[in-house]
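Chains, contacts and geometry: an overview
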Amino acid sequence: MANLIKEMTEAEVIPNFSFGDVCQELGISTGYGHRTFKKVYGITPLHYIEEEKYQKAKVLLGAPSLSVEEVAFRMGSSSTSNFSKQFRKWSGVTPSNYQHQILKKREVRTLKESGYFE
């Protein structure tokens, strides 16, 4: 189950799917899949899916060539607004603020020609 979820979230554009779709593909009931997943991984399938999507969103937002709109599209979100709300729920900051923070951290500056980097 986790491998199938990971495979779906690692696609270039994440398809719109639910845990029920995963269970259907595996030929098991949603209730059985939910109980089994929680017993094996210690978290709910929805929490796992959300965490996988959040990790991918962070990576995509770290790419300077991608806009927030492009990241929202690749995440399979219905709109940039929905993606922004979800990302803020995950991280506490908006996607554009997160992207700005990440890109700012990548800048290399010297400290008074001492040879050390900040």
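Topic: the side chain of Lys-53
Mapped onto the elements, Lys-53 comes out in helix 4 (residues 45–61). No salt bridge forms around the buried Lys-53; measuring N to O, its nearest opposite-charge neighbour Glu-50 is 5.0 Å away. When sequence neighbours within four positions are dropped, the list of residues in contact with Lys-53 reads Thr-9, Ile-14, Met-75 and Trp-90.

Digging into the packing of aromatic side chains
Under the criterion given, the structure shown has nine aromatic pairs. Judged by centre distance (6.4 Å) and plane angle (75°), the ring pair of Phe-87 and Trp-90 falls under edge-to-face. Taken as a pair, Phe-87 and Trp-90 lie in helix 6 (residues 80–91) at a separation of three residues, close to a single helical turn. Three or more aromatic residues joined by ring pairs form one cluster here, namely Tyr-54, Phe-83, Phe-87, Trp-90 and Tyr-98. Over the ring of Phe-17 we find Lys-53, and its NZ or CZ is 5.7 Å from the ring centre.

Reading guide: rules and limits
- Residues numbered from 1 in each chain as written.
- Predicted model: local features only at pLDDT ≥ 70, side-chain atom pairs only at ≥ 80, totals over all residues.
- Heavy atoms only, no water.
- Helix = DSSP H or I, 4+ residues; strand = E, 2+ residues; numbered from the N terminus.
- Buried < 20%, exposed > 50% of the residue type's maximum accessible area, 1.4 Å probe, protein only.
- Lys, Arg positive; Asp, Glu negative; His and termini not counted.
- Salt bridge = Lys/Arg side-chain N within 4 Å of Asp/Glu carboxyl O.
- Contact = heavy atoms within 4.5 Å.
- Phe/Tyr/Trp six-rings, centres within 6.5 Å; stacked < 30°, edge-to-face > 60°.
- Lys NZ or Arg CZ within 6 Å of the ring centre and 35° of its normal.

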